[in-house]
Every structure is written in C-alpha cells, then in structure tokens.
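Listed here are the chains, written in short residue letters.
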Amino acid sequence: MDELNAHQRWSDLALAIVAAQEAYYGQDAPTLSDAEYDSMMRELMTLEDTYPELRTPDSPTQHVGRPSERTDFAPVTHLERLLSLDNVFSAEELRAWMQRTQRLLDRQPKWLCELKIDGLAVDLVYRDGRLVSAATRGDGRVGEDITGNVLTIGDIPARLRGTDVPPLVEVRGEVFFPVAAFEQLNAELVAAGKAPFANPRNAAAGSLRQKDPRVTAARPLSMLVHGLGAYEGFQLENQSEAYELLRGWGLPTSTHYQVVRGQQEVDEYVRWVGEHRHDPVIEHELDGVVVKVDALADHALLGDTSRAPKWAIAYKFPPEEVNTKLLDIQVGVGRTGRITPFGVMAPVRVAGSTVERATLHNGFEVKRKGVLIGDTVVLRKAGDVIPEIVGPVVALRDGTQREFVMPTHCPSCGAELRPEKEDDKDIRCPNAQHCPAQLRERVFALASRSALDIEALGLEAAIALSDPDADRPTDTQEPRQVSVLSSEASLFNLTVADLAGVKVWRRGALEPYFFTKGTANKPSVPKETTLQLFRELEAARTRPLWRVLVALSIRHVGPTAARSLADAFGSIDAIRAADAAQLASVDGVGQVIADAVQEWFSVDWHQQTIAAWAAAGVRMADEAKPEGVPVLAGLTIVVTGTLNGFSRDAAKEAIISRGGKAASSVSAKTSYVVVGDNPGSKADDAARLGVTILNEEQFVALLETGPVEQAP
Ligand code: IVH
C-alpha cells in the first residue's frame with residue numbers, strides 16, 4: 001500500500017472504530033462483532049507500525065475504551081488509570097509475547113493464568129473499608145459514577161470485613177450477567193414487549209447503566225475482581241496473593257486462576273479453558289485467557305503502554321459470535337411435517353466452521369428474535385453447539401429490510417398448514433403420506449447410520465427418488481420429473497430399470513447426474529454407487545429389529561427406545577399386539593413413547609409399509625438370541641479416538657450386547673476408557689481420575705473374556 005492509500009485507510013478505520021466504540025460503550029448496542037472490531041484495531045496498529053506518523057495522540061490505538069464525552073452519569077476520576085489489555089490470537093503469538101517478556105525480565109517469571117471474563121470493567125474504591133465510589137471504565141482515566149447501582153449487586157460488599165481492613169484500596173473487576181440467568185431475563189423482557197439483549201455482556205452493561213437502581217437491583221448481576229489500583233496500608237509481592245487478601249475482605253475473586261511456570265503449563269491452562277469454557281461451573285461467558293506476570297515488582301519493571309500493561313496479555317479464543325447478513329428466511333418441511341423457518345446467511349466462519357444456514361425453529365421464534373430479511377444479524381456458534389441467530393443489529397437497518405411471513409400452505413405439496421394441537425407453536429403439513437418433502441426426509445432418515453445404514457442412499461439420492469425436483473435449479477431447461485418412489489413402502493422393490501433416466505440434482509449444480517449410464521441398445525447400466533445401493537438394500541433386509549423400528553419414523557422412537565422395544569418384544573407383531581401399559585412398562589420407554597407407538601400403528605398406510613417391507617423380505621423379528629454371556633455386566637466403558645477394527649457404533653454395540661454400559665463422558669464411576677488414535681480430552685480425564693485406560697488390543701481381550709484379575 002502506498003503512503004496516500006495508507007493514510008486514507010487509516011482514517012476510514014479510525015472513524016469506523018470510534019463509531020463502533022460509541023455504539024458499544026455509549027448505547028450498549030454494538031454494531032460490530034468483537035471479531036470485526038479486533039481485526040480493525042489490529043489493522044490500525046499494523047498501519048501505525050509501518051507509518052509511525054499516523055500514531056497521533058488521538059488515535060484509537062492510544063486510548064482505552066471509549067472517548068470521554070457527555071453521559072447521563074456524573075464523572076469520576078480513577079485513582080489509578082484503568083488500562084485495557086493487548087490481545088494475541090494464536091498460540092504462537094502468545095509464545096512470542098512470553099519470550100519477549102522473559103527477555104525483558106532476564107529470567108523466567110511465574111505466570112498467573114486467569115479467565116478473560118466477558119463483562120464490563122468496574123472500578124471500586126474502598127476507604128477505611130467502606131465502598132465510597134464505583135465507576136465504569138470510561139476512557140481509563142475518567143469513568144461514570146454508578147455507585148448507587150453497584151451497591152445493589154449482592155456480590156459486592158458495601159463494607160469490607162475483617163480486622164486488617166486498609167485505609168485505602170481501589171479494585172478493578174468485571175461485572176457480568178450469569179449465563180444461566182440470561183435466557184430467563186430475555187424471556188421476561190420479550191413477554192413484557194421489550195427488546196431482548198444480544199448477549200449476557202450487553203445485559204450486564206444495560207442493567208448497570210440504569211438511571212433507576214431498582215432496575216439494577218432486580219437483575220442478578222455478579223462481579224469478579226481481577227486487579228488492584230491504588231492502595232495504602234498493606235504490602236504485597238504477587239497478584240495471586242492479592243486475590244487471597246481481597247477474598248478475605250469479602251470481595252469476590254475468581255476460583256479459576258492458576259499460578260504456573262513455563263510455556264507448557266500456560267499452554268495446558270489455555271487448552272483446559274478452551275475445552276471447558278461452556279461448563280456450568282464457569283458462571284460467566286469468557287472470550288479468552290489472561291496471562292499475567294505474577295510478581296508485582298515485575299509489573300513496575302515492565303511498565304505500561306498508553307493503553308495496556310506490558311505485564312499482561314489477553315489470548316483471545318476464536319470468536320463464537322460474528323455478524324453476517326441475513327439474506328433470506330426460507331422454510332423446510334421435516335420428516336414429521338413440521339414447518340421450520342431457517343435463515344439463509346452470507347457464509348461466515350465461526351468457531352471453526354463455515355455457517356450459512358441456521359434454524360429459526362418456528363414463526364413465533366422469528367418474531368421473538370425480531371429479525372427481518374436483509375438485517376445484519378449476530379450469529380452465534382458456541383463450541384459444538386448448533387449455530388444460532390441471536391438477533392438483529394438494529395442500528396444498521398437502512399429501510400430495505402422486510403418482515404418474514406410464515407407460509408399458509410406447504411411449499412412442497414401445497415396442503416394447508418396447521419398446528420397439530422391448538423396451542424402448538426409449530427405448524428405442520430398434514431399430508432404425511434404423500435407430501436414429497438416428508439417422504440424424502442423419511443427416506444433419508446431410514447437410510448441413516450443409526451437406522452438401516454444404507455450409505456448409498458444419502459440426501460441427494462433420497463431427493464432423486466422421492467422428491468426429484470426439490471433441488472432443481474429454477475432457471476434450468478430440464479423438464480420436471482415424476483418420482484420413482486411414491487412411498488417408502490416400495491423401497492425394497494426398486495429395480496435398476498426404475499432408476500434409468502432419474503436425475504440427481506446436486507445442490508447448486510447446473511447439471512444433474514444419473515444412477516445409470518447407457519447406450520442406445522443398452523440404456524440402463526447401473527453405476528457403481530447404484531450397485532452399492534442395491535447391495536445395501538439387500539443387506540438392510542436382515543438388519544436387527546431395532547434398526548427397522550428406527551427406520552419406520554415413529555415419533556420419539558430413536559435408537560435407544562427402539563433397542564428397548566426390540567429387546568422386550570422381539571418382533572413387530574408382538575409390539576403391535578402390546579397394549580399401552582405393556583409398552584410403557586418397558587425400561588427406557590414410558591408413556592409418551594408408548595402412546596406414539598400405538599398411534600403410529602393405528603394408521604393404515606403405516607401398516608401397509610410394514611406389510612410391503614415384509615413381503616419384500618425385510619426381517620420383522622429378531623432371531624432368538626443364544627444367551628450371550630454378559631461378560632461386561634456392571635461395567636461402564638467410554639471409547640475415545642478412532643479404533644481400527646470398530647466404528648463408533650460397532651464398539652458401542654459390542655459393549656451393550658455383552659451387558660455393559662457405553663458412556664460418552666468419563667467420571668470416577670467409569671470402569672474403563674478405551675483410547676484409539678487421536679483421542680480427545682477424555683483420555684486426559686481418565687488419567688486424571690485414575691480410570692484404567694485400554695488400547696484396542698486390550699479392549700478386544702476384554703470383550704472376549706471380561707475383566708481378568710490383574711496379578712498384583
Ligand atoms: S486485567 C490493567 N484480568 O478485559 C489491566 N482484565 O480487554 C487490567 N478483563 O480491561 C486487566 N477479564 O476489563 C484483567 N482476568 C482478567 C480480565 C480482564 C476480563 C477485561 C478488563 C480489561 C479488558 C481488556
């Protein structure tokens with residue numbers, strides 16, 4: 001970039017950052033995601049490294065938080081400046097920072113590792129043990145007086161306790177809205193016709209900056225202290241020691257910090273937090289880890305920059321919240337006819353994957369979230385959790401946004417949609433048997449790994465067979481098709497000839513492909529995947545009963561309930577003949593499932609499906625099992641990582657069929673943890689809890705003989 005462009009870019013960025021700061025700190029309504037903000041700030045810093053003349057005193061890089069300006073609250077000058085933190089975004093950058101710090105100190109310090117609490121910074125001053133002032137951070141020198149509001153926070157003592165209370169102590173910490181209480185607050189706000197908060201941090205900020213302390217008092221805010229400002233009358237060597245002292249005086253300090261030595265231990269801490277950040281033991285949201293030099297004498301040695309101390313760094317985790325454009329809201333038809341609106345978004349990366357669709361559950365939920373088509377929305381994906389549209393960024397609306405209207409008729413078959421029961425939030429397509437979309441979803445589901453396991457019958461093939469025009473491009477010249485399957489009943493009667501000429505549309509592709517290739521005199525030679533389909537259909541005829549039950553799409557009957565039913569009754573006929581009480585008394589079944597099973601069998605075309613499958617050779621009963629020796633009775637076994645001789649399901653099956661319990665998380669009650677290749681944190685958990693670890697070979701031996709007493 002040449003100098004002129006660099007200057008232009010700098011001023012664009014600086015303006016955008018200042019505007020974002022005003023929205024974030026001034027309105028408690030951010031317009032940028034943290035990730036966007038961080039990345040703009042980084043770009044600004046890089047520009048200033050290259051062109052130092054840009055680093056003027058009023059650059060956003062030289063300030064903490066928000067530029068001071070008019071507010072509704074009285075100004076308070078902090079006794080000591082309340083700084084921000086510099087950020088790093090990768091393990092390598094963290095390592096480089098630690099090495100630099102070590103070089104500056106000329107030795108290896110002890111590191112204090114903490115959680116980076118996603119809340120809002122507050123400065124408290126206690127004189128002779130009494131809280132005399134509480135203020136927001138403001139620009140780091142002058143904040144806003146929120147003493148009245150802070151006094152309503154249960155965690156924050158109005159008076160320090162103990163006999164050694166000092167004449168002066170200024171502490172800093174983070175006020176946050178506990179995650180568990182956040183959902184409820186939003187539900188209450190919406191019920192009262194008010195706008196919900198975008199996230200717990202905004203809820204904390206909005207609750208704290210209230211003119212009326214009674215509103216603050218009604219919100220379950222908490223605080224954790226993470227630093228000291230000015231103090232008199234006591235001496236300290238380490239920051240960790242300060243936490244002990246402050247806790248003794250009744251101030252809230254985190255229990256999740258750790259003093260460690262060396263790179264490896266810091267990495268370990270970061271990894272642990274990354275894996276446990278959503279555990280309920282951590283009450284607040286966190287967006288990273290803060291690594292500090294523990295010794296206070298070293299703080300003085302290292303000093304500060306204009307906005308951050310040099311003795312601390314924030315290691316930020318990849319963002320779980322990003323902003324993106326909501327391009328459209330469309331509806332899907334599920335396997336049970338439920339109509340689900342979902343957002344179609346400009347693709348964005350969040351928490352390690354690219355997201356472009358997110359469910360909006362039902363029409364009420366779209367209203368509750370208040371999103372319009374065309375909005376910039378906050379998209380959240382917390383760890384492994386399914387991506388969620390949190391809400392709109394209202395400040396960025398420009399009048400082109402429009403409201404979504406729930407359809408009244410099924411987009412697939414045209415049937416009139418209605419709720420099943422009067423107060424249901426979901427609406428459904430009642431045309432269960434013939435609606436192509438419902439059929440397609442049932443066919444796809446029956447082929448899944450936890451049902452009949454027909455790999456060649458994926459979503460594309462299911463669409464081609466039962467709902468052939470679902471993904472047909474709108475602008476194609478290709479004619480519409482009739483579906484080969486008009487119901488799942490005829491699935492096992494398919495022939496190669498049926499598939500000749502059937503087009504399979506790949507999502508987004510302009511050209512279809514075919515199940516068969518052909519020449520003029522031999523028009524339908526099956527392709528390899530088509531042969532595989534027929535082989536797998538053949539194999540599916542002799543699957544265990546529980547898999548057939550799952551394949552029938554009986555509401556609430558997943559693999560677990562299906563196994564229980566199959567074990568208890570042994571055949572479809574016996575299940576059909578059982579009354580509700582008999583069904584409900586089966587371990588793992590219960591009333592809801594029993595009712596759903598009975599209701600399912602009461603529908604004619606369901607019975608026809610069973611009859612047609614049976615006639616096509618699908619086994620509808622389990623063979624009487626030779627009484628297997630339950631060598632694993634009473635044992636709980638967890639498998640982690642990849643095994644060579646077993647898929648996940650097969651390993652589970654092997655454990656269950658021998659009377660053992662296959663669990664997914666390790667606890668002190670776990671009997672064995674089987675560790676394959678690339679194991680996750682479960683292997684560490686096992687080591688920590690002292691649970692016996694087995695390799696694959698030892699697992700195979702265990703399956704054969706059960707546990708063998710070890711010679712001492
Ligand atoms: S120490 C003098 N420790 O993050 C530096 N800050 O993005 C004081 N924060 O301004 C910061 N958790 O408001 C520290 N464990 C923690 C923190 C933490 C959250 C906040 C704090 C800081 C901001 C920087």
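Whatever comes next refers back to the structure up there.
Throughout what follows, the structure given in this document is the object of discussion.

Thresholds applied
Residues numbered from 1 in each chain as written. Predicted model: local features only at pLDDT ≥ 70, side-chain atom pairs only at ≥ 80, totals over all residues. Heavy atoms only, no water. Pairing = 2+ DSSP bridges. Helix = DSSP H or I, 4+ residues; strand = E, 2+ residues; numbered from the N terminus. Axes fitted to C-alpha atoms, helices over the stretch in contact; angles between N-to-C directions. Salt bridge = Lys/Arg side-chain N within 4 Å of Asp/Glu carboxyl O. Buried < 20%, exposed > 50% of the residue type's maximum accessible area, 1.4 Å probe, protein only. Near = heavy atom within 4 Å. Polar contact = N/O pair within 3.5 Å; in protein donor to acceptor, adjacent residues only side chain to side chain. Areas by Shrake-Rupley, 256 points an atom, 1.4 Å probe, with all protein chains shown as cover. Nonpolar A, V, L, I, M, F, W, Y, C, P; charged D, E, K, R; others polar. Phe/Tyr/Trp six-rings, centres within 6.5 Å; stacked < 30°, edge-to-face > 60°. Lys NZ or Arg CZ within 6 Å of the ring centre and 35° of its normal. Contact = heavy atoms within 4.5 Å. Parallel < 35°, antiparallel > 145°, perpendicular 65-115°, else oblique. Left-handed = near helix turned anticlockwise from the far one by under 90°.

### What about the sheet that holds strand β13 (residues 339-350)?
Ordered by their spatial adjacency, five strands build an open sheet running β14-β13-β12-β15-β16, and the pairing between neighbours is antiparallel. Because the sheet does not close on itself, it has two edges, and the strands there are β14 (353-359) and β16 (388-392). Between one strand axis and the next, the sheet turns through 45 degrees on average, direction left out of account. Pairing geometry for β13 and β14, over six bridges, is antiparallel. Paired with F342 across the two strands is T359, which belongs to β14.

### Observations concerning the pattern of salt bridges
Taken as a whole and judged by the stated rule, the model has 37 salt bridges. R247 serves as the salt-bridge partner of E244, at 4.0 Å between the closest nitrogen and oxygen. Here the residue E244 and the residue R247 both occupy positions in helix α8 (residues 239-248), the gap between them amounting to three residues, near one helical turn. Judged by relative accessible area, which is 45%, E244 ranks as partly exposed. We classify R247 as partly exposed; its relative accessible area is 30%. Ionic pairing is found between E653 and R563, a salt bridge with its closest N-O pair at 3.6 Å. Here E653 is found in helix α22 (residues 648-656), whereas its partner R563 is found in helix α17 (residues 559-569), with 90 residues between them in sequence. Connected via shared salt-bridge partners are D38, K116, D287 and K316.

### Section: the site of the ligand
Around the ligand, the surrounding shell holds 14 residues, and the nearest of these are E114, L115, R137, E174 and K292. Between L115 and the ligand, the recorded distance is 3.0 Å, taken from a backbone N or O atom to a nitrogen atom. A distance of 3.0 Å is found between a nitrogen atom of the ligand and a side-chain nitrogen or oxygen belonging to K292. Within the complex, the protein chains bury 90% of what would otherwise be the 530 Å² of accessible surface of the ligand. Counting only elements with at least two residues in the shell around the ligand, the list comes to β3 (110-117) and β10 (286-293). Sort the elements by how many residues they give to the shell around the ligand and β3 lands first, with four residues. In terms of residue class, the shell around the ligand is made up of seven nonpolar, two polar and five charged.

### Quick word on the packing of aromatic side chains
Evaluated as defined, the whole model comprises 10 aromatic pairs. Seen in terms of ring centroids, F492 and W613 are 5.4 Å apart; in terms of plane orientation they differ by 80 degrees. Their pairing is edge-to-face. Placement of the pair is F492 in the loop between α13 (459-466) and α14 (496-499) and W613 in helix α21 (residues 604-615), with a sequence separation of 121 residues. Following the ring pairs from residue to residue traces out a cluster consisting of Y231, F234 and W249. R563 extends its terminal NZ or CZ atom over the ring of W546, reaching a point 4.3 Å from the ring centre.

### Some thoughts on the environment of D595
With respect to the element layout, D595 can be found in helix α20 (residues 590-601). Since its relative accessible area comes to 39%, D595 is described here as partly exposed. Residues D595 and A74, 521 residues apart in the sequence, show an inter-C-alpha distance of 63 Å.

### Focus: the side chain of E114
On the secondary structure map, E114 appears in strand β3. Here Y243 takes part through its side chain, which lies 2.4 Å from a polar atom of the side chain of E114. Filtering out sequence-adjacent residues up to four positions away, E114 remains in contact with H226, Q239, Y243, Y257, Y269, V289, V290 and K292.

### Considering the packing of helix α3 (residues 91-105) against helix α9 (residues 262-276)
Contact geometry for α3 and α9: axes closest at 11 Å, N-to-C directions at 140 degrees. Classed by the angle they form, the pair α3 and α9 counts as oblique. As for how α3 packs across α9, the hand of that crossing is right-handed. Together, L94, R95 and M98 of α3 and G262, Q263, V266, D267 and V270 of α9 make up the contact between the two elements. Partitioned by chemical class, the residues of the contact of α3 with α9 number four nonpolar, two polar and two charged.

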